[in-house]
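Coordinates in review
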Amino acid sequence: MNTVDLIPLLPLILVSVTAVAVLIEIAIRRNYQIVYLTSLAGLVLSGLSLFLASQNLPVHVTPLLVVDSYGLYFVAIILVAAFAVTAIAYPYFRSYPDQPEEFFALLLTATLGAMVLALSNHFVSFFLGLELLSISLYGMIAYPSLYRDRIEASIKYLVLAGITSSFLLFGMALIYISMGTMDFSQMSLSKPILPGFQLVLTAGWGLLLAGFGFKLALVPFQFWTPDVYQGAPAPVTAFIATVSKGGTFALMLRYFSLLPIVQIPTLWDIFAVIAIASMLFGNIVALVQNDVKRILAYSSIAHLGYLLVAFLASGVYAKNAVAFYLAAYFITTLIAFGVITSLSNHDHEFVAMEDYRGLFWKRPWQSILLIAALLSLAGIPPTAGIIGKIFLAAAGVESALWLLVLVLVLGSVIGLFYYLRIIITMFRGREELEELGEAPETPRLAIQITQSPLSAFTLIILFLLLVGVGIYPTPLLSWISRLIAGLAA
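Things to note about the overall build of the protein chain
Broken down by element type, the protein chain carries 23 helices and two strands. Considering the protein chain as a whole, with its 489 residues, one finds that 60% of them fall into the buried category. Taking the contacts inside the protein chain whose residues are at least 6 apart along the sequence as the reference set, 78% of them involve residues at least 24 apart. For the protein chain, the exposed surface amounts to about 18600 Å²; the carbon and sulfur share of it is 70%.

Some remarks on the side chain of Ser-136
By secondary structure assignment, the location of Ser-136 is in helix H7 (residues 123-141). A distance of 3.5 Å separates a polar side-chain atom of Ser-136 from the backbone nitrogen of Ala-110. Ignoring sequence-local partners within four residues, the contact set of Ser-136 consists of Leu-106, Thr-109 and Ala-110.

Thoughts on the environment of Asp-68
On the secondary structure map, Asp-68 appears in the loop between strand S2 (65-67) and helix H5 (69-94). C-alpha separation for the pair Asp-68 and Asn-56, spaced twelve residues apart in sequence, amounts to 9.0 Å. Ignoring sequence-local partners within four residues, the contact set of Asp-68 consists of Leu-57, Pro-58 and Arg-254. At 2.9 Å, the side chain of Asp-68 and the side chain of Arg-254 are in polar contact.

Overview of the packing of aromatic side chains
On inspection of all chains with the given rule, the structure shows 35 aromatic pairs. For the ring pair Phe-93 and Tyr-143, a centre distance of 6.1 Å and an interplane angle of 75° mean the geometry is edge-to-face. You can see Phe-93 sitting in helix H5 and its partner Tyr-143 sitting in the loop between H7 and helix H8 (148-179), a full 50 residues away along the chain. Of the two residues, Phe-93 and Tyr-143, both sit in the buried class.

Things to note about the confidence of the model for the protein chain
Per-residue pLDDT for the protein chain averages 85, and the proportion of residues at 70 or more is 90%. Across residues 439-450 the pLDDT falls below 50, and counting only partners more than four positions away or on other chains, this stretch makes 23 contacts in the model.

Re the pattern of salt bridges
Counted under the stated rule, the structure contains seven salt bridges. Between Asp-68 and Arg-254 there is a salt bridge whose closest N-O contact spans 2.9 Å. Residue Asp-68 is located in the loop between S2 and H5, and its partner Arg-254 is located in helix H12 (residues 234-258); the two are separated by 186 residues in the primary sequence. Each member of the pair Asp-68 and Arg-254 is classed as buried. When the shortest N-O distance is used, the salt bridge between Arg-357 and Glu-354 registers 4.0 Å. The exposed category is assigned to Glu-354, whose relative accessible area is 55%. In the salt-bridge network here, residues are joined through shared partners; they are Glu-152, Lys-156, Asp-227 and Arg-294.

Some details on the packing of H12 against helix H14 (residues 292-312)
Any two packed helices are characterised by how steeply their axes cross, that is the angle between the axes, and by the distance between the axes. Remark: H12 packs on H14, axes separated minimally by 12 Å, with the N-to-C direction vectors making an angle of 15°. One element, H12, and the other, H14, form an angle in the roughly parallel class. Helix-helix and strand crossings are classified by hand; for H12 and H14 the assignment is right-handed. Between H12 and H14, the contacting residues are Ala-234, Thr-237, Lys-245, Phe-249, Met-252, Leu-253 and Phe-256 on the first element and Lys-293, Ser-300, Leu-304, Leu-307, Leu-308 and Phe-311 on the second. Each residue belonging to the contact of H12 with H14 can be placed in one class, and the counts come to nine nonpolar, two polar and two charged.

A few points about the nonpolar core
Ranked by internal contacts, the top residues of the largest apolar core, which has 181 residues, are Phe-126, Phe-249 and Tyr-255. With 19 residues, the single largest contributor to this core is helix H15 (residues 316-343). Discounting residues that sit within four places of it in the chain, Phe-249 has contacts with Tyr-70, Leu-216, Leu-304, Leu-307, Leu-308, Phe-311, Val-322 and Leu-326.

Quick notes on the side chain of Asp-291
The residue Asp-291 is located in the loop between helix H13 (265-286) and H14 in this model. No salt bridge is formed by the buried Asp-291, whose closest oppositely charged neighbour, Arg-294, lies at an N-O distance of 6.1 Å. A polar side-chain atom of Asp-291 sits 2.9 Å from the main-chain amide nitrogen of Lys-293. Not counting chain neighbours up to four residues away, the residues in contact with Asp-291 comprise Gln-230 and Val-351.

Describing unusual backbone geometry
The omega torsion across Val-219 and Pro-220 is 10°, close enough to zero to call that bond cis. Tracing the backbone shows Pro-220 in the loop between helix H10 (198-216) and helix H11 (224-231). Here Pro-381 and Pro-382 are connected by a cis peptide whose omega angle stands at 5°. As for its position among the elements, Pro-382 is in the loop between helix H17 (364-378) and helix H18 (384-398). Despite not being glycine, Ala-217 has its phi angle at roughly 60°, a positive value. Within the element layout of this structure, Ala-217 appears in the loop between H10 and H11.

Comments concerning H5
In a regular helix each residue adds 1.5 Å, so 26 residues correspond to 38 Å; H5 covers 37 Å between its end C-alpha atoms and thus fits that length. A bend of about 30° at Ile-88 is the largest found in H5, and the proline Pro-91 appears one to four places after it. Within H5, 23 of the 26 residues are buried, which leaves the element mostly enclosed by the surrounding structure.

Rules of the game
Residues numbered from 1 in each chain as written. Predicted model: local features only at pLDDT ≥ 70, side-chain atom pairs only at ≥ 80, totals over all residues. Heavy atoms only, no water. Helix = DSSP H or I, 4+ residues; strand = E, 2+ residues; numbered from the N terminus. Buried < 20%, exposed > 50% of the residue type's maximum accessible area, 1.4 Å probe, protein only. Contact = heavy atoms within 4.5 Å. Areas by Shrake-Rupley, 256 points an atom, 1.4 Å probe, with all protein chains shown as cover. Polar contact = N/O pair within 3.5 Å; in protein donor to acceptor, adjacent residues only side chain to side chain. Phe/Tyr/Trp six-rings, centres within 6.5 Å; stacked < 30°, edge-to-face > 60°. pLDDT = per-residue confidence, 0-100. Salt bridge = Lys/Arg side-chain N within 4 Å of Asp/Glu carboxyl O. Axes fitted to C-alpha atoms, helices over the stretch in contact; angles between N-to-C directions. Parallel < 35°, antiparallel > 145°, perpendicular 65-115°, else oblique. Left-handed = near helix turned anticlockwise from the far one by under 90°. Nonpolar A, V, L, I, M, F, W, Y, C, P; charged D, E, K, R; others polar. Core = buried A, V, L, I, M, F, W, Y, C linked by side-chain atoms within 4.5 Å. Lys, Arg positive; Asp, Glu negative; His and termini not counted. Expected span 1.5 Å × (residues − 1). Bend = angle between axes of the 7 residues up to and from the residue.

So this is what it looks like as structure tokens:
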């Protein structure tokens, strides 16, 4: 490998170097602001390096990684999400009594793991990326280790992730002995070594599915989700809901695009059942929750079920729908958890439904941002969420997946109730405020009521993207169509 071969890997190299630089800074002298700025700079430079890495694609960097337009698209949205989480995490952790600098090192290594997943073309890089992401998340969920609920959430995730990793490894082993290769591209050209190995191969795919199901919080592998979402710090929850799931879904889509799932009836049926169960379970259970983070946790289960509708559809159009919906979901989720983070501190997280009573009259600008995010999750115009759901449904209709499309529409209708419940709660309580002599807060610039100018600026940009893509999605769709075209049909 020469210097030219390293150019496609620049985004990964820069994130790695930034993580090392952060650790060196901490070792020499602790300075929270310098560590924060170093992390932001590294993520920005990594994002800018995508322009260099995108020359002369696709590039196979050893059998482990393939740098193509598809992978770089997901790397780009992963870096944007990591930058946003870093920005909103800075004021949140600044108020903690414990030393919070190591959090950014963990965030960078977790981001690197997700980037490796998006570019993986081999079981070895798949497992290394997944473990790099997961091990970093163990520390992030429990960070800092001063709170019992965070330790509990981290242990639950650790135990379940460890069990899932064993399933993954066993599944990879079964697939390897059946097909004689661990390279995704070679698998698409191979058949089981012996006819009797077809059952072993199917079992391997089933175990692999368990691993994907856990990371994506799909039914019946979703048990960790509400507890981890509730127990983890709000910025970490935002990271799990976006970067972690985005990297995993990018890998799953690449793997099963090379091995067309429509040609594997048993596996297709299992995915269809999981999609239906996730859409119904996530939406129905969210109806009875009184914690906003738990509501968003169950909502995320449903939204990953929605994504499976397009995943199970065939053709490039379906892949475009998945890529667009993931981008819209990233933006929406980052806004929602960004607002929760800006309202919270180390003493109290703003998560109970009662905390949101009358919020619009106290914090109007933050309320507007949260309302926009909830409307996008519900699929209400003019947000990116409605465009994303239309494309998912269209992909399902194009492939005649009528039952899945029907459940998607039904799930979206059910979801509307709990999203509106939060919004209505935010408008209640004006009379009580006036009786107590507390006049509703006069609307001010969001930058004045958040703890950090960059955090406020990030949320405003995300809000503009949310509405802008909802009103005029053509540029993003055209960009996605060009990039996803490189993925196997």
